[in-house]
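Examination of the molecular architecture
The lines below spell out each chain.
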Amino acid sequence: MSEQIKKAIKGARKIVIKIGSNTLAKNDGTQNTDFMASFARQVKNLIDAGKQVSVVSSGAQVSGVSALKEWARKKDVHYRQALCAIGQVELMSQWRKAFAECDIHIGQLLFVKENFENKLQTLNIRNTLFTLVDEGVVPIINENDSVSFEEDSIGDNDNLSALTSILWGADLLILFSDIDGVYSDNPKTNPDAKLIQSVNNIDELRKQITIGETNAFRTGENETKQQPAQKCFDYNSPVILANGARPQILDKLSDGTGDGTIFLPEE
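Residues numbered from 1 in each chain as written. Predicted model: local features only at pLDDT ≥ 70, side-chain atom pairs only at ≥ 80, totals over all residues. Heavy atoms only, no water.

1. Brief notes about the pairing of strand E1 (residues 14-19)
Operational definition: Each residue's exposure class comes from its accessible area (1.4 Å probe, protein chains only) as a fraction of the maximum for that residue type: buried when under 20%, exposed when over 50%, partly exposed otherwise. Strands here are runs of E lasting at least two residues and helices are runs of H or I lasting at least four, both read from the DSSP assignment and numbered beginning at the N terminus. The rule for pairing is simple: two strands pair if DSSP sees at least two bridges between them.
Most of E1 sits out of view: 6 of its 6 residues are buried. Judged by which residues are buried, E1 turns out to be covered on both faces: Lys14, Val16 and Lys18 on one side and Ile15, Ile17 and Ile19 on the other are all buried. In terms of strand pairing, E1 meets strand E2 (residues 52-57) through 6 bridges, oriented parallel. By the bridge assignment, Lys14 is partnered in E2 with Gln52. Sheet analysis places E1 next to strand E5 (residues 172-177), joined by 5 bridges and oriented parallel. Note on E5: the bridge partner recorded for Ile17 is Ile174.

2. Some thoughts on the nonpolar core
Selection criterion: In these notes, a set of buried Ala, Val, Leu, Ile, Met, Phe, Trp, Tyr and Cys residues joined through side-chain atoms within 4.5 Å is what counts as a nonpolar core. For this analysis, residues touch if any pair of their heavy atoms sits within 4.5 Å.
Counting residues in hydrophobic clusters, the biggest one holds 34 residues, and the most contacted among them are Ile17, Phe39, Trp95 and Phe176. No other element matches the 6 residues that helix H3 (residues 33-48) contributes to this core. Apart from residues lying up to four places away in sequence, Ile17 is in contact with Phe39, Val43, Leu46, Val53, Ser54, Val55, Val56, Ile174, Phe176 and Leu250.

3. Side note on the side chain of Asn32
Rules: Any N or O atom pair separated by 3.5 Å or less is treated as a polar contact, with the protein-specific requirement of one donor-capable and one acceptor-capable atom, and with residues adjacent in sequence counted only for side-chain atom pairs.
In this fold, Asn32 is placed in the loop between helix H2 (21-24) and H3. Since its relative accessible area comes to 19%, Asn32 is described here as buried. Within the local environment of Asn32, its side chain forms a polar contact with the backbone nitrogen of Phe35, the two atoms lying 3.0 Å apart.

4. Thoughts on the sheet that holds strand E9 (residues 239-243)
The condition that has to hold: Every axis corresponds to a line fitted to the C-alpha atoms, with the helix fit spanning only the stretch in contact, and the corresponding angles, defined between N-to-C directions, vary from 0 to 180 degrees.
Strand order in the open sheet made by the 8 strands is E3-E4-E2-E1-E5-E9-E10-E8, with mixed pairing throughout. The two strands at the open ends of the sheet, each matched to only one other strand, are strand E3 (106-111) and strand E8 (198-199). Of the pairings in the sheet, the one linking E5 to E9 comprises 5 bridges and is parallel in character. Along E9, the bridge assignment pairs Leu175 with Leu241. Docked against the sheet, H3 engages E1, E2, strand E4 (138-143) and E5, running at close to 170° with respect to E1.

5. Comments concerning the pairing of E4
Most of E4 sits inside the fold, with 6 of its 6 residues counted as buried. Because side chains alternate across E4, one face comprises the buried residues Val138, Ile140 and Asn142, and the other comprises Pro139, Ile141 and Glu143, equally buried. By the bridge criterion, 2 bridges tie E2 to E4 in an arrangement that is parallel. Bridge pairing links Val56 to Ile141 in E4. Of the pairings in the sheet, the one linking E3 to E4 comprises 6 bridges and is parallel in character.

6. Brief notes about helix H1 (residues 2-11)
Applicable threshold: Here the arc refers to the set of directions running from the helix axis out to each C-beta atom.
Of the residues making up H1, those classed as buried are Ile5, Ala8 and Ile9. On an axial view of H1, the arc spanned by its buried residues comes to 95°, and they lie on one face. Exposed and facing more than 90 degrees away from the buried side of H1 are Glu3, Lys7, Lys10 and Gly11. Buried residues belonging to H1 abut E1, H3, E5, E9, helix H10 (249-255) and strand E10 (261-263).

7. Points about the pattern of salt bridges
Here is the rule we go by: A side-chain nitrogen of Lys or Arg and a carboxyl oxygen of Asp or Glu constitute a salt bridge if their distance falls within 4 Å.
Scanning the entire structure with this criterion turns up 3 salt bridges. A salt bridge links Asp158 to Lys18; the shortest N-O distance between them is 3.1 Å. Taken as a pair, Asp158 in helix H7 (residues 157-168) and Lys18 in strand E1 lie far apart in primary sequence, 140 residues in all. Residue Asp158 is classed as buried on the basis of its relative accessible area of 4%.

8. A word on the packing of aromatic side chains
Basically, it comes down to this: When two rings of Phe, Tyr or Trp (its six-membered ring) have centres within 6.5 Å they constitute a pair, described as stacked for plane angles under 30 degrees, edge-to-face for angles over 60, and tilted for the intermediate range.
Applying the stated criterion to the full structure yields 5 aromatic pairs. Between Phe111 and Phe116, the aromatic rings sit 5.3 Å apart at their centres with planes inclined by 80°, giving edge-to-face as the arrangement. Taken as a pair, Phe111 and Phe116 share a single burial class, namely buried. An aromatic cluster is built from Phe35, Phe39, Trp95, Phe99 and Phe176, whose rings are joined through pairwise contacts.

9. So, unusual backbone geometry
Unlike most non-glycine residues, Asp103 shows phi in positive territory, near 60°. One can find Asp103 in the loop between helix H5 (77-100) and E3. Here Asp103 falls in the exposed class, since its relative accessible area comes to 74%. Positive phi values are uncommon outside glycine, yet Gln248 reaches one of about 50°. On the secondary structure map, Gln248 appears in the loop between E9 and H10.

By themselves, these figures tell us nothing about what the structure is for.
Here it is, written out as structure tokens:
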């Protein structure tokens, strides 16, 4: 089934890759700059193969904690938003360093929910994305967590990546999380849990799996994994879910040796 993932990547020209906070953070909660450098080199491999890549990157709060460790335990919403403001600068600084090693420029785009609801703003987003990638610049996209609030939030960067994919007309969305894909059951508690390598019907998938703590379709925080897949299904665009912490995972997905789940709309 990894051949399906390989084929999807090979056939895609425009690819959106979402990276979660867990992938960008080390065990101590600080930035994983080694991952960022490795990821940038793998993106360059895609670009050298003729692909255009946009990156949706979480990690502003993680980067803020890396810069101001004494704020790590502050829970007040204003501190958290301020932490994201500080962290976004640190995050982009590290992404700039990582991609500069590959002679690639980056551009920052920060969005709130309203940007995707206003026709003029969505047109401007499209034009900016097209201009950046046409000039070989990698857009680094995030929600503007310093000004957004719960009622105005996009939800999470899984949904942001799907909205970006649809708006840009991407051929493929890759979601990097801390799990290898969708399992039939919780692999941490059930050693017989199987990785579901291909999904053609999300409604049927829900009937097949057992709800579990690490399951990508459980209620709660990972319930949102179904939302970007469903959004992209509606536009006949595949989605790959894989573990971003696996070494050289982007390269391995590209050559068919990496594990993951591909959501492939039925033709």
